[in-house]
Amino acid sequence: LAFTQHVQFYKTKGAVYLSDLQGSMQLLTDPQIMTSPLIGEGAEIFGDGNVPSAFDSFPEEHCCNHICRWFELPKLAASANSDARSVISTHGGRD
């Protein structure tokens, strides 16, 4: 899960990642979509589990594992929200 969250966060320039997957190793369901508080301009999207403080702390709390290192993913920067701001203003929150 740590690796997939890292990839999602990195590829979306700090705008989105999935969390709280349920199930087993063969079938994971019920993901919580975590988005930057900048997406939706503060509106509650993707349910009550999309907690802004949890999203904001993700770059500092993520611990890279051996898969992150094997793929040579860059460490997550505390300035990820500034990257998300750039994506949102450039694409209107869409790609």
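Because the structure is a prediction, the values reported are computed rather than measured.

Undergrad: I tried to follow helix α1 (residues 2-11) on my own but got confused; where do I start?
TA: Note: α-helices contain 3.6 residues per turn, so residues at a spacing of three or four share the same orientation. Turning to α1, its buried residues number three or more, namely Phe3, Gln5, His6 and Phe9. All buried residues of α1 fall inside an arc of 165° around its axis, so they share one side. Residue lysine 13 follows α1 closely and has a positive phi angle near 55°.

Undergrad: Would you explain the pairing of strand β1 (residues 16-19) in this entry?
TA: Where a strand is regular, its side chains alternate between the two sheet faces. Only one face of β1 is covered, namely the face carrying Tyr17 and Ser19; the face carrying Val16 and Leu18 is uncovered. In this structure, β1 lies alongside strand β4 (residues 32-35), joined through four bridges in antiparallel fashion. Bridging across to β4, leucine 18 finds its partner in isoleucine 33.

Undergrad: Would you mind showing me how to read the side chain of asparagine 50 here?
TA: One can find asparagine 50 in the loop between β4 and α2 (52-61). In terms of polar contacts, asparagine 50 uses its side chain to reach the side chain of threonine 35, at 2.7 Å. Sequence-distant contacts of asparagine 50, that is, excluding residues within four places in its chain, are made with Gln32, Ile33, Met34, Thr35 and Ile45.

Undergrad: Can you help me understand unusual backbone geometry in this one?
TA: Most of the time, phi is negative for any residue but glycine, and the peptide bond is trans. A positive phi angle, near 55°, is found at lysine 13, a position not held by glycine. Inspection of the secondary structure assignment puts lysine 13 in the loop between α1 and β1. Note on lysine 13: relative accessible area 49%, which makes it partly exposed. The backbone of glutamate 72 sits at a positive phi, close to 55°, despite the residue not being glycine.

Conventions and cut-offs
Residues numbered from 1 in each chain as written. Predicted model: local features only at pLDDT ≥ 70, side-chain atom pairs only at ≥ 80, totals over all residues. Heavy atoms only, no water. Buried < 20%, exposed > 50% of the residue type's maximum accessible area, 1.4 Å probe, protein only. Helix = DSSP H or I, 4+ residues; strand = E, 2+ residues; numbered from the N terminus. Arc of directions from axis to C-beta. Pairing = 2+ DSSP bridges. Polar contact = N/O pair within 3.5 Å; in protein donor to acceptor, adjacent residues only side chain to side chain. Contact = heavy atoms within 4.5 Å.

Shape descriptors only; they carry no functional weight alone.
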